[in-house]
Amino acid sequence: MKRKESHQLLFAFADSPQGSKDEASAGVPAGKSILQQIAKARKVKDSYATGDPSKGLMEKIVSLENLASALLHVARNQGAPGVDGVTTEQILEAGHLLLGRLRADLISGRYQHGEIRRVEIPKNGGGSRNLGIPNVVDRWVQQAVLQVLEPVFEPQFHPSSHGFRRGRGSETAIAEASQHLNEGCSWVVSIDLSKFFDRVNHQRLLARLARSVPDKRVLRLIHQMLKAKVVLPNGTRVNTEEGTPQGGPLSPLLSNVVLDELDWELKRRKLRFVRYADDFNIYVGSQRAGLRVMTSLTAFIEKRLRLKVNSDKSEVSPPEKVHFLGFTLIKGVDRVDVRLSKRSRERLSARIRELIPRNWGGSLATCIEQVNTYIKGWSSYFKLCTQNHRTLQTFDGHIRRRIRAIVVKQKKKPQFLFRHLVQRGVSRKTAAKTAFESCGPWKKSNMRGMTQAYPNGWFEGRLLRLRQQWIRLHFTPPAVRVQLMLDF
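Within any chain, residue numbers begin from 1 and follow the written order of that chain's sequence. Note on the predicted model: pLDDT of at least 70 is required for a residue's local features to be given, and 80 or more for side-chain atom pairs to be given and counted; whole-chain, interface and lining totals, by contrast, use all residues. For the side-chain quantities, the full set of heavy atoms in the structure was used; hydrogens and water were omitted.

Before going further, it helps to examine the overall build of the protein chain. Tallying secondary structure elements over the protein chain gives 22 helices and 10 strands in all. Put simply, the protein chain has 488 residues, and 45% of those count as buried. Here the accessible surface of atoms and residues is derived via Shrake-Rupley with a 1.4 Å probe, and residues count as covered only by protein chains that are part of the display. Summed over its atoms, the accessible surface of the protein chain is roughly 25,300 Å², and 50% of this surface lies on carbon and sulfur atoms. Secondary structure elements are defined from DSSP: runs of H or I of at least 4 residues count as helices, runs of E of at least 2 residues count as strands, and each element is numbered from the N terminus. We call a residue buried when its accessible area falls under 20% of the maximum for its residue type, exposed when it is over 50%, and partly exposed in between, using a 1.4 Å probe and counting protein chains only.

You can see Thr-172 is positioned in helix H8 (residues 170–182). Classification of Thr-172 as buried rests on a relative accessible area of 7%. Any pair of nitrogen or oxygen atoms within 3.5 Å is treated as a polar contact; in protein, a donor-acceptor pairing is required on top of that, and neighbouring residues in sequence qualify only through side-chain atoms on both sides. Reaching out from Thr-172, the side chain makes a polar contact with the side chain of His-162 at a distance of 2.8 Å.

Moving on to unusual backbone geometry. Non-glycine residue Gln-78 carries a positive phi angle of around 55 degrees. Residue placement: Gln-78 occurs in the loop between helix H5 (64–77) and helix H6 (88–108). Unusually for a residue other than glycine, Lys-195 sits at a positive phi of about 45 degrees. Note on placement: Lys-195 falls in the loop between strand E3 (187–192) and helix H9 (196–199).

A 1.4 Å probe that fits into a set of points on a 1 Å grid over the protein atoms alone but cannot get out defines a cavity; an open set with protein on both sides within 12 Å along at least five of seven lines defines a pocket, and lining residues are those with an atom within 4 Å of a point. Grid points are joined across faces, edges and corners, and a volume is the space filled by probe spheres set on the points. With the rule as written, the count across this model stands at five cavities of 30 Å³ or more. Here the largest cavity defines a volume of roughly 80 Å³. In terms of lining residues, the largest cavity is bounded by Ile-116, Pro-134, Gln-142, Met-225, Leu-226, Thr-244, Pro-245, Gly-248, Leu-250, Ser-251 and Leu-254. Mapped by element, the contributors of at least two residues to the lining of the largest cavity are helix H11 (216–226) and helix H12 (251–268). Throughout, the ten residues Ala, Val, Leu, Ile, Met, Phe, Trp, Tyr, Cys and Pro are labelled nonpolar, Asp, Glu, Lys and Arg are labelled charged, and all others, Gly among them, are labelled polar. Among the residues making up the lining of the largest cavity, the classes are represented as seven nonpolar, four polar and no charged.

Note on definitions: angles span 0 to 180 degrees between N-to-C directions of axes, and those axes are lines fitted to C-alpha atoms, for helices only across the stretch in contact. Packing of H12 against helix H13 (residues 287–303) leaves a shortest axis separation of 12 Å and a crossing angle of 150 degrees. The element H12 and its partner H13 pack so that their crossing is right-handed. Along its contact with H12, which presents Leu-262, Glu-265 and Leu-266, the element H13 presents Leu-297, Phe-300 and Ile-301. The class makeup of the residues in the contact of H12 with H13 is five nonpolar, no polar and one charged. When the near helix sits turned anticlockwise from the far one by under a right angle, the crossing is termed left-handed; a clockwise turn instead gives a right-handed crossing. A contact between two residues is defined here by any heavy atoms of the two lying within 4.5 Å.

Paired through their backbone hydrogen bonds, the strands of a sheet run either parallel or antiparallel. In this scheme, strands are said to pair when DSSP sees at least two bridges between them. Here we have four strands laid out as an open sheet, ordered E6-E7-E3-E8, and antiparallel in their pairing. Strands at the two margins of the open sheet, each flanked by one partner only, are strand E6 (272–276) and strand E8 (315–317). Mean inter-strand twist for the sheet, computed between neighbouring axes without regard to direction, equals 20 degrees. Bridging between E3 and strand E7 (residues 279–284) involves six bridges; their strand directions are antiparallel. Within E7, the position partnered with Ser-190 by the bridge is Asn-281. Strands in contact with H8 are E6 and E7; relative to E6, the strand with the most contacts, it is inclined by about 165 degrees. The strands that H13 touches are E3, E7 and E8; relative to E3, the one it contacts most, it runs at about 20 degrees.

Attention now moves to the sheet that holds strand E5 (residues 237–238). Ordered in space as E2-E1-E4-E5, the four strands form an open sheet in which the pairing is mixed. If you trace the sheet from one side to the other, it starts and ends with strand E2 (128–133) and E5, each paired once. In this sheet, strand E4 (residues 230–231) lies alongside strand E1 (residues 116–122) in parallel orientation, the contact comprising two bridges. Looking across to E4, one finds that Ile-116 is bridged to Val-230.

This part is about H5. Here a helix's expected span is defined as the number of its residues, less one, multiplied by 1.5 Å. Spanning 14 residues, H5 covers 20 Å between terminal C-alpha atoms, matching the ideal 20 Å at 1.5 Å per step. Note on H5: the residue one or two positions beyond its end, Gln-78, has a positive phi of about 55 degrees.

The interhelical angle for the contact between helix H15 (residues 364–382) and helix H22 (residues 466–474), taken along N-to-C directions, is 45 degrees, at an axis separation of 9 Å. As far as their axial angle goes, H22 and H15 are oblique. Considering only the axes of H15 and H22, their crossing is right-handed. Note on element contacts: H22 touches H15 through Leu-466, Gln-469, Trp-470 and Leu-473, opposite Ile-375, Lys-376, Trp-378, Ser-379, Ser-380 and Phe-382. Of the residues that constitute the contact of H15 with H22, the class distribution is six nonpolar, three polar and one charged. Here the word oblique covers every angle except those under 35 degrees (roughly parallel), over 145 (roughly antiparallel) and from 65 to 115 (roughly perpendicular).

A carboxyl oxygen of Asp or Glu within 4 Å of a side-chain nitrogen of Lys or Arg is what we treat as a salt bridge. Across all of its chains, the model carries 20 salt bridges by this definition. Ionic pairing is found between Glu-150 and Arg-166, a salt bridge with its closest N-O pair at 3.5 Å. Here Arg-166 lies in the loop between helix H7 (136–153) and H8 and Glu-150 lies in helix H7, a separation of 16 residues in the sequence. Here Lys-227 makes a salt bridge to Glu-241, at a shortest N to O gap of 3.7 Å. Taken together, the positions of Lys-227 in the loop between H11 and E4 and Glu-241 in the loop between E5 and H12 put the pair 14 residues apart, joining distant regions of the chain. Relative accessible area serves as the criterion here: at 30%, Lys-227 is assigned to the partly exposed category.

Spelled out as structure tokens, the structure:
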């Protein structure tokens, strides 16, 4: 009943926000403006701020400054609503009015984590990934907990763990992997954890957390988050006995806490490794050593960590055959080349087909705009590649051809295409040969009439090029250089 009253209160606040007229007229939501002021304000020196910093974690979590900054962070990430249907915009607008109530509920223990909406995301390699979407208020609380616990655990994590950590990411992971190959490791033990996020053992996770979190109120809160019921796509509600749902802000930290035990076991065995979330590789000097490591680690993971190794996707192989974070590392004479993996090329090709379907019914400008958005994001991530000139040139040409095929398809009849080509400056003879050719749009898209009407120069200034973006980003030094600190 209390949870129901709390939801009714949220809707009441969202329907009648309060704030100054000046803020509303300035276009800044009153609630957001107040939260920004609280988040920037100097933290009040309460009694819990002195003494042992590991104590009073709940008070730090529920501090107004922490709660305000947590909600602003959740709002920036946006995200879909949970089971209750309340959006981030609604909670943000009423957030300043909810701070006191939420703070009191967390301190008193009245807060109850809501149900989690299950969404199944198809995986490129087949199957699906379960994504759990908590209600916005619950994401708010998880973010508040994360902001306090992250500084506690961050110094404890192994330096070869790169996923979901500040100052680390795919760039530092690939850099360390390249270093291992340069130092003589010629074989890679690639271990795939089957449905890792769905199989995390709650008791082991809470036991690991308790080593660094003495505040039992925080542990009870996290336990409540782990045990929250899941609402399946068909509406069925199921209890959660294991796993930490992907989709909540706290899930990445919890995954690192679980696998940190594995990291230090690898360190104890003096193995070279790189881990990014549940994706990790061990680098050894021979195939025989790799098979030995595979056998012993599989036993450790399944018996000690109570997780499951996917034997079909785990392998011992040369680095050039390993897909790691979208890349393949190839050891040369004096350096390691970072290239697109086969799987990444296949994904890029599939995504291009999705963005530029031949039966596109909208305008070319809209199609090109969405392609440009994708190219920007893709290039930003894959700028780590050291050489991809020919591959990216091939994809650039393929994108242009698919856009030309859309033009052919949209003209529907040969006579309409003929008129269009003539209007674009193509000679009548060339236009007729292209338009009235007895073939489909795909073949016509590469004929002289279409390439003259829409030459490569026509795309300049309209369509971003993968190769051009890669050159611009790859050779631009980062604003802040991230130093990789290794400890072996």
